[in-house]
Every structure is written in C-alpha cells, then in structure tokens.
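Fold and contact review
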Amino acid sequence: MDYIVSGKYPLNGKLRVYGAKNAVLPILAGSILGGVVFLKNCPRLSDVSYTLEILRRLGCRVAESGDEIIINPAPANSWRLDAGPAGEMRSSVNFLGALIGRYGRAELPMPGGCRLGSRPIDLHIKAFREMGVEVDVSGGIIYAEGQPRGTDVHLDFPSVGATENVILAAVTAKGITTLSNAAREPEIADLCNFLSAMGARIHGAGTATVRIEGVPFLRGCEYSVMPDRIVAATYMCAAVAAGGEIEIENVIRPHLEAVADALRRCGAEIYFSSYGAAVRAPRVIHSPGIVRTEVYPGFPTDCQSQLMAVMACGRESGVVVENIFESRFKIVPELRRMGAEIRCQGPTAIVRGGSLHGCELKAEDLRGGAALVIAALGAEGESRISGTDYIARGYQDLAGELRSVGARISFQ
Ligand code: UD1
C-alpha cells in the first residue's frame, strides 16, 4: 500500500513510544535458552512476526495478545532454521548464538534484512571460533558445531549483532567469557537485563567490557522491553520537518541526547522530563553543521536518513558523514527530486535544503522509508510513497501515529 502524504500541516499533540525492535528481536532469540518467558511492551512489527514464526518452526509454543508475548521453549527440538522467515531479516543471525547456547549446534541461512551494504558476519564467526565452536559457511548456509566455552573475546569493531551473539552463546557456556570492545548500544543492556532476569550472570552490561559467568541453566521470567529510541527520534524529526509542537511519552533521555543535540542545532526546542520529551519546531530549519554517525553514544546511523530529510526541508547547507554502513544514502535521489541539492562523495553528503515539493517517492530501506515520510511532511503539496512494507518492519502504524497528531496521510 502506498502512502499519500500532504505536506506543510504542523503536528500537534502527544505520541507514545512502544517497545524497541532492536531490543525485542535478540530477546526473542534468547527466549529459547530458558523457561517460559512472558514479554511485555512488545512492538507489533513484521520483523517481530517473522521472529515468532522462526520460534514456532523451532518447536516453541508462542502466544500473543496485544503487546504481550508468551514463549514456552520447552517443546523446541530443532537447531535448524530454513530459509523462509530467517532469510528475510538480518537479525535472524541472533539465533546463531542462541542455538549454539542451547544445542551446541546451529544451521541457518545467511541473514537478509535491509540492503545497507555488504553486512558481513565475520566478527560473529571469529568470536564463536575463539569460544571453541566450529563455524563454516557454504552455499549460503551457516553451519556451527561445538559446545561454547568461556574465554577472552575481543571484537575488532564494536558490532551490535556480534556483541549480542557472543552474550547469547556465553550465558550458558562453561566458564567465564570476557568480551572486550563490545558495542554499548542500550538494546544490548536490555538483552542483558532480560537474560539476568532468567538467572544469567552478566557484569558490565552496556559497557565496552562485558563479563559473563556461564550458568548451567536459565529459568523463565517476566520482562518489559525498553522503549524504541529510534522511533522516538523519528517522531522528533517529523515534528521539526512538519512544524508544530509534540510531546513524546516513554522515552529515556540519555538514549536521545545525540539526536536532540543535532535537532537543537537545527533550531528546535527540546525539553526532557522524567518520562517524556517535548519538541517544538523552529520557524526556519537551520543547519546542524556536520553530523557524523558513530557507535553509541554517538549519533545513531539509524537516525541519519531522518535527519537528512529534516536538513533537506531547511534552507542552509549541512554535512552528513555516514561512518557505520556503506550504502545508507539511498534516499538522496528521492530528496533531490523533491528539490534538495545534495552532493555525495564516499561516506559524506553535503545537503543544501530547498523548498521541497511533493512527488512520487520510493522507500528502499526501513529508516530511509521513514525519512521520506518526514521529507513529505515538510514539502509543499502531495507525495506518494511506495515501498512502505519496509516501514512496517520497524514502525507500528507510522502513518496512523502521525495522523493522530495532525499529519495528512492516507493509503492507496
Ligand atoms: C544493528 C541494528 C541496526 C543498526 C546497527 C548499528 C538490530 C536488529 N540492528 O545492526 O538497526 O543500524 O546495529 O547500530 O539490532 N560488521 C562487519 N562484520 C561483522 C558485523 C558487522 O564488518 O561481523 C560491520 C557492518 O557491516 C557495519 C558495522 O559493522 O558496517 C556495524 O554493524 P553492526 O553493529 O553489527 O550492526 P547490526 O548488528 O547488523
């Protein structure tokens, strides 16, 4: 279904952020490691549905109601994921660590997901080998075998997925795993909190050195997933591009500092309270200067496209440097057709805003899709956005949520 967006209608009102996609996906993979898991604040997203389908195919019993999910992993008896849903998502790679942790073996297709570059898994494989697990990739299938054992593991780059995978394999491994140069994204601390609620012994969760003492078994638990900082940041960018003033409930301030800082430089007023944020758009969007994507707590790559869309709605020149993924400027041709002037060289884009006008747009990845909605909200006239299935991977009814605060978006 395409989105039809009419621009220049300011947003006003309150939005509430739901549970984080990038937290719930590894948590769902980790749910095969222990007893019955009762999860609250789960987002309703296509990537969550794919992951539940993977759990069912492994033999788990899964029940869903609203934002709650119950998983009973006891009947699961398979360490193999066939292509189907596992081939659809990058995050299916989290099952590698979880299956190794439960069975000492795993077989799954090389992961799919958004096309943001080559997205290798060499760091995951190297770490597992250091933990004593044999891993081979042939014919697009990853084969892993061996009981993981605790050891010192150093990541050459703080990859989010590799950090999660090592932790998932280490919590029930024999011995102590010390993971250095670990990624520090808040979703990793959330995974660790979940595993700790199941009885795992993890120290330094959310820091660059994580120490995991393997335990023989994990029990079940009840756990509430952290709020989605990328969704909150997307709402903030939408308000700045469209104009108006919104309140966003269920946000954690430190998770949003880097984005808030960039948007303040654009002229927005942003205030945090203990449970939410208030965003007031500027009359004219200024340049944020140079914005570089970095690992947490730096500016997140998952918000780069949305910020570029905001910059395109302004009148000044700014620079975006994408340091994490190599192919994350897919929205540039779309923004150019709307009237922005953008020059790209390698990881750098120089963005000069213009009076954007609505046109036909095509989403090619999840965050880029959300960014096109943001650009369309700030543009004069009507835009038609296709490829909105990408948006549904990471946003629970983005159009409906934005409509509830005054955006003019319909479907066709
Ligand atoms: C996760 C997030 C994604 C976010 C990204 C960076 C999930 C489901 N996805 O993705 O939304 O954009 O973190 O914050 O949580 N790399 C290698 N070899 C590896 C692994 C990664 O070279 O073995 C490279 C990647 O190609 C990329 C960079 O490291 O250039 C970062 O990747 P990583 O942190 O692993 O991101 P993901 O876990 O895939």
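Because the structure is a prediction, the values reported are computed rather than measured. (Residues numbered from 1 in each chain as written. Predicted model: local features only at pLDDT ≥ 70, side-chain atom pairs only at ≥ 80, totals over all residues. Heavy atoms only, no water.)

1. Notes on the overall build of the chain
Across its full length, the chain carries 14 helices and 23 strands. Here the C-alpha coordinates of the chain stretch approximately 60 × 45 × 40 Å along the principal axes. When the 412 residues of the chain are sorted by exposure, 57% land in the buried category. Residue pairs in contact within the chain that sit at least 24 positions apart in sequence constitute 71% of those at least 6 positions apart. By element, 47% of the accessible surface of the chain is carried by carbon and sulfur atoms, the whole surface being about 15800 Å². (Helix = DSSP H or I, 4+ residues; strand = E, 2+ residues; numbered from the N terminus. Buried < 20%, exposed > 50% of the residue type's maximum accessible area, 1.4 Å probe, protein only. Contact = heavy atoms within 4.5 Å. Areas by Shrake-Rupley, 256 points an atom, 1.4 Å probe, with all protein chains shown as cover.)

2. Notes on the nonpolar core
Formed by 76 residues in total, the largest nonpolar core has its most connected members in Tyr235, Leu263, Met308 and Leu402. With twelve residues, the top contributor of residues to this core is helix α8 (residues 229-242). In this structure Leu402 touches Leu11, Tyr235, Ala238, Val373, Leu377, Ala407 and Ile409, once residues within four positions along its chain are discounted. With 73 residues, the next largest nonpolar core counts Cys60, Val62, Val135 and Val166 among its residues. (Core = buried A, V, L, I, M, F, W, Y, C linked by side-chain atoms within 4.5 Å.)

3. Quick look at the sheet that holds strand β8 (residues 141-145)
With respect to topology, three strands assemble into an open sheet ordered β6-β8-β7, the strand pairing being antiparallel. At either end of the open sheet lies a strand with only one pairing partner, and these are β6 (105-109) and β7 (134-138). Averaged over all pairs of adjacent strands, the angle between their axes in this sheet comes to 10°, without regard to strand direction. Pairing of β6 with β8, which is carried by five bridges, proceeds in the antiparallel orientation. Bridge pairing in β8 links Ala106 to Ala144. Together, β6 and β8 form the strand contacts of helix α4 (residues 94-103), whose direction differs from that of β6 by roughly 155°. (Pairing = 2+ DSSP bridges. Axes fitted to C-alpha atoms, helices over the stretch in contact; angles between N-to-C directions.)

4. Let's talk about the site of the ligand
Contacts to the ligand come from 18 residues, most closely from Asp122, Ser159, Val160, Asp302 and Ile324. Contact between the ligand and Val160: an oxygen atom at 2.8 Å from a main-chain N or O atom of the residue. Coverage of the ligand by the protein amounts to 85% of the 750 Å² it exposes when considered alone. Mapped by element, the contributors of at least two residues to the shell around the ligand are α5 (122-130) and α6 (160-170). When residues of the shell around the ligand are assigned to their parent elements, the largest contribution, three residues, is made by α5. Broken down by class, the residue content of the shell around the ligand amounts to seven nonpolar, six polar and five charged. (Near = heavy atom within 4 Å. Polar contact = N/O pair within 3.5 Å; in protein donor to acceptor, adjacent residues only side chain to side chain. Nonpolar A, V, L, I, M, F, W, Y, C, P; charged D, E, K, R; others polar.)

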